[in-house]
Amino acid sequence: MPRDHRPAKSVRVLLAEDQGMMRGALALLLGLEEDIEVVAQVGRGDAIVEAALETRPDVALLDIELPGRSGLEAAADMREQCPDCRVLILTTFGRPGYLRRAMEAGAAGFLVKDGPVEDLAEAVRRVLRGETVIDPALAAAALSAGPNPLTTRECDVLKASVDGATVSDIAGKLHLSESTVRNYLSSAIGKTGTRNRMEAMREARQQGWL
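Values in this document were obtained by computation on a predicted structure and should not be read as measured data.

What the rule picks out here adds up to 14 salt bridges. For R125, the salt bridge goes to D35, with nearest N and O atoms at 2.7 Å. Taken together, the positions of R125 in helix α5 (residues 117–128) and D35 in the loop between α1 (20–31) and β2 (36–42) put the pair 90 residues apart, joining distant regions of the chain. Exposure remark for R125: the relative accessible area of 19% places this residue in the buried category. Classification of D35 as partly exposed rests on a relative accessible area of 21%. For D46, the salt bridge identified is with R44, shortest N-O distance 3.0 Å. Relative accessible area serves as the criterion here: at 41%, D46 is assigned to the partly exposed category. The exposure class assigned to R44 is partly exposed, which follows from its relative accessible area of 39%.

If you want it as structure tokens, here you go:
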């Protein structure tokens, strides 16, 4: 249906996806729906709120792993700055920890990208109606996985461990003493049942805790 023939009250959607081809394909497919209009497309997480404030979408479709700022962090920002916009997380990575973090950030839904576009369009409509939409298999996995055992600081030191950062590097970045960093790393390694901090970081990422 031509854009100017849309219903007077079509659903305004913001789309955040870092892969240009995927972003364009999603925008095209959603745009074919008679009652949905993609009003903004961004490729970075730190551009989401600004675009939302400018275009005032009804629903924001956010990927998780975005440059600049994660979709989960952006979801929390949206709750504060754009409370009338419903957030729907759409990601390749269906990890239980991601789902829990998304719900804590105020997201109204969580779907993985391998579903048909018709389901995505219907999810957009449902969250706009005030419903919560969650991939059923992921919801079951999240319930069985339990909560994130890591504290905020333990997550911080694991995140700071990327690219071979030393304990001294981590301490300087987080404004902690080296002994405190070692204690957090040791605790995180124990909680993840791994042998070293790199394994702990990989396990935490796999579970969606980081």
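Still more to cover.
Ranked by size, the top nonpolar core spans 27 residues in total, and within it L14, I48, L62, M78, V87, I89 and F110 carry the most contacts. Those elements that place two or more of their residues in this core are β1 (11–16), β2, α2 (48–55), β3 (59–62), α3 (71–81), β4 (86–91) and α4 (96–104). In contact with L14, other than residues within four places in its own chain, are A40, I48, A51, A52, P57, V59, A60, L61 and L62. In terms of nonpolar packing, the next biggest core, distinct from the first, is built from 20 residues, L26, A27, L30 and A108 among them.

So, on to unusual backbone geometry. The backbone phi angle of R56 is positive, close to 50 degrees, even though this residue is not glycine. With respect to the helices and strands, R56 occurs in the loop between α2 and β3. Owing to a relative accessible area of 52%, R56 belongs among the exposed residues under this scheme.

Quick look at the pairing of strand β5 (residues 109–112) now. Because side chains alternate across β5, one face comprises the buried residues G109 and L111, and the other comprises F110 and V112, equally buried. Relative to β5, β4 runs parallel, the two sharing four bridges. By the bridge assignment, T91 is partnered in β5 with V112. Between the parallel pair β4 and β5, the chain is carried across by α4, and the sense of this crossover is right-handed. One crossover worth recording links β5 to the parallel strand β6 (residues 133–134) by way of α5, and it is left-handed.

Here is what the cut-offs are and how they apply
Residues numbered from 1 in each chain as written. Predicted model: local features only at pLDDT ≥ 70, side-chain atom pairs only at ≥ 80, totals over all residues. Heavy atoms only, no water. Salt bridge = Lys/Arg side-chain N within 4 Å of Asp/Glu carboxyl O. Helix = DSSP H or I, 4+ residues; strand = E, 2+ residues; numbered from the N terminus. Buried < 20%, exposed > 50% of the residue type's maximum accessible area, 1.4 Å probe, protein only. Core = buried A, V, L, I, M, F, W, Y, C linked by side-chain atoms within 4.5 Å. Contact = heavy atoms within 4.5 Å. Pairing = 2+ DSSP bridges. Right-handed = clockwise from strand over helix to strand, strands pointing away.

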